[in-house]
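Structural description and commentary
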Amino acid sequence: MAKKQFKAESKRLLDLMINSIYTNKEIFLRELISNASDALDKQYYNSLTAKSAASRNDYVIGIEADKEARTLTISDNGCGMTAEELDNNLGTIAKSGSLDFKSSDEKEKSELEIIGQFGVGFYSAFMVSDKVVVESRANGESTANRWVSDG
């Protein structure tokens, strides 16, 4: 996937929004972990409806710091996203894939306790990083996709 660049107006809005919502830079970690948690919840829900329910213990969120490279990697084995979902959900400010998932016609989904429904938490990562890279493989797909932005 090609590197995405927000328009100048969007970059100013993103900076204003993030710095007015969040006063502590460390909050980005909570926000990214909550996104991973939502991905696990969606995957678990999908496994229940597919009658192939996995145990909650099968789902994992990992955090790996590389001090030398000055990177932090947060990983999960949740539902993942297609290239189109990456572009739609991450390339559009205040767009929430979790809210879309929860808002579908199925009554059971509307009762899910999904955290990230406003679509802004992910962008807190730009408070502490020069570049954000998301690599994701949607459930059932053989190919992973990459979304990259320097905010």
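The coordinates are above.
Calculation rules
- Residues numbered from 1 in each chain as written.
- Predicted model: local features only at pLDDT ≥ 70, side-chain atom pairs only at ≥ 80, totals over all residues.
- Heavy atoms only, no water.
- Helix = DSSP H or I, 4+ residues; strand = E, 2+ residues; numbered from the N terminus.
- Buried < 20%, exposed > 50% of the residue type's maximum accessible area, 1.4 Å probe, protein only.
- Areas by Shrake-Rupley, 256 points an atom, 1.4 Å probe, with all protein chains shown as cover.
- Phe/Tyr/Trp six-rings, centres within 6.5 Å; stacked < 30°, edge-to-face > 60°.
- Pairing = 2+ DSSP bridges.
- Patch = residues over 30% accessible without salt bridge, like charges linked within 9 Å, V, L, I, M, F, W, Y side chains within 5 Å.
- Salt bridge = Lys/Arg side-chain N within 4 Å of Asp/Glu carboxyl O.
- Expected span 1.5 Å × (residues − 1).
- Contact = heavy atoms within 4.5 Å.
- Core = buried A, V, L, I, M, F, W, Y, C linked by side-chain atoms within 4.5 Å.

**A look at the overall build of the protein chain**
- Broken down by element type, the protein chain carries five helices and four strands.
- For the protein chain, the α and β elements follow one another from N to C terminus as α-α-β-β-α-α-α-β-β.
- Burial analysis of the protein chain (151 residues in total) assigns 36% to the buried set.
- About 9600 Å² of surface is accessible on the protein chain, with carbon and sulfur atoms providing 48% of the total.

**Some thoughts on unusual backbone geometry**
- Its identity as a non-glycine residue notwithstanding, Arg70 has a phi of 55 degrees, on the positive side.
- Considering the arrangement of structural elements, one finds Arg70 in the loop between strand S1 (61-66) and strand S2 (71-76).

**Digging into the environment of Gly140**
- Position of Gly140 among the secondary structure elements: in the loop between strand S3 (132-136) and strand S4 (145-149).
- Sequence separation between Gly140 and Cys79 is 61 residues; the distance between their C-alpha atoms is 9.0 Å.

**Points about the packing of aromatic side chains**
- Inspection of the entire model under this criterion finds five aromatic pairs.
- Plain terms: the ring middles of Phe122 and Phe126 are 6.4 Å apart, the flat faces sit at 90 degrees to each other, and that makes the pair edge-to-face.
- Classification of Phe122 as buried rests on a relative accessible area of 10%.
- Between the aromatic rings of Tyr123 and Phe126, the centroid separation amounts to 6.4 Å while the plane-to-plane angle is 15 degrees, which identifies the pairing as stacked.

**Quick word on the pairing of S2**
- Inspection of the sheet shows S1 paired to S2 by six bridges, in the antiparallel sense. Bridging across to S2, Glu64 finds its partner in Thr73.
- Between the antiparallel neighbours S1 and S2 lie four residues, among them Arg70 with a positive phi of about 55 degrees.

**Description of a nonpolar patch on the surface**
- A surface patch of nonpolar side chains, amounting to about 230 Å² of accessible area, comprises Ile61, Ile63 and Leu72.
- Ile63 gets classed as partly exposed once you look at its relative accessible area, which sits at 49%.

**Digging into helix H2 (residues 27-49)**
- Taking 1.5 Å per residue, 23 residues should reach 33 Å; H2 reaches 33 Å between its end C-alpha atoms and fits that length.
- A positive backbone phi angle near 60 degrees is found at Lys51, which sits one or two residues after H2.

**Overview of the environment of Glu135**
- Along the chain, the position of Glu135 falls in strand S3.
- C-alpha separation for the pair Glu135 and Met81, spaced 54 residues apart in sequence, amounts to 8.8 Å.
- Not counting residues up to four positions away in its chain, the partners in contact with Glu135 are Asn145 and Arg146.

**Here we look at the nonpolar core**
- Counting residues in each nonpolar core, the largest one holds 11 residues, listed as Phe28, Leu32, Leu86, Leu90, Phe122, Tyr123, Ala125, Phe126, Val132, Val134 and Trp147.
- At the level of secondary structure, the elements contributing two or more residues to this core comprise H2, helix H3 (83-90) and S3.
- If sequence neighbours within four positions are ignored, Phe28 has contacts with Leu72, Ser124, Ala125 and Val128.

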